[in-house]
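# Secondary and tertiary structure notes
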Amino acid sequence: MLAEYLPTLLFLIVAAGIGVALIVIGNVLGPKRPTAEKLSPYECGFPAFEDSRMRFDVRYYLIAILFIVFDLEIAFVFPWALVFRTLGPFGLVEMGVFLALLVIGFAYVWKKGALEWE
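Because the structure is predicted, anything quoted here is derived from the model rather than measured.

## Things to note about the overall build of the protein chain
Counting its regular elements, the protein chain contains four helices and two strands. Going from the N terminus to the C terminus, the protein chain shows its helices and strands as α-α-β-β-α-α. For the protein chain, the residues scored as buried account for 7% of the 118 residues in total. Contacts in the protein chain between residues at least 24 apart in sequence constitute 57% of all its contacts with a sequence separation of at least 6. Accessible surface for the protein chain amounts to roughly 10900 Å². Of this, 73% is attributable to carbon and sulfur atoms.

## Observations concerning the packing of aromatic side chains
Under the definition given, this model contains four aromatic pairs. Ring plane angle 90° and centroid distance 5.5 Å describe the contact between F70 and F106, whose orientation is recorded as edge-to-face. Of the two residues, F70 is situated in helix 3 (residues 58-82) and F106 in helix 4 (residues 84-112); the sequence distance between them amounts to 36 residues. Residue classification places F106 among the partly exposed residues on the basis of a relative accessible area of 34%. Judged by centre distance (5.2 Å) and plane angle (70°), the rings of W80 and F84 are edge-to-face. Of the aromatic side chains, those joined through ring pairs into one cluster are F70, F106 and W110.

What counts, and at which threshold
Residues numbered from 1 in each chain as written. Predicted model: local features only at pLDDT ≥ 70, side-chain atom pairs only at ≥ 80, totals over all residues. Heavy atoms only, no water. Helix = DSSP H or I, 4+ residues; strand = E, 2+ residues; numbered from the N terminus. Buried < 20%, exposed > 50% of the residue type's maximum accessible area, 1.4 Å probe, protein only. Contact = heavy atoms within 4.5 Å. Areas by Shrake-Rupley, 256 points an atom, 1.4 Å probe, with all protein chains shown as cover. Phe/Tyr/Trp six-rings, centres within 6.5 Å; stacked < 30°, edge-to-face > 60°.

Here is the structure:
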């Protein structure tokens, strides 16, 4: 039984070995010319202007969570589209219910003003 996992284990060992080898080779052979400009923090095209532990508005996290929720629906729509013909009318109704629930959730979030960034 364990012999069936040998190719997978071998693949993981080779992949980890290649990854470690590339990192080591890059660190050993790569150019190292640090300057103050290269070592300075840089984000979004301009220098950092506050402490890295500054507070973010909770709406930032809310929008991020909403993006993940509504973006993950595609993970369910693509497989459904691949087997649409075999599912028939039942699959169409089920996906309609799923998408209707998502639209209701989206309308609720929109009505509550969670998508507005004043």
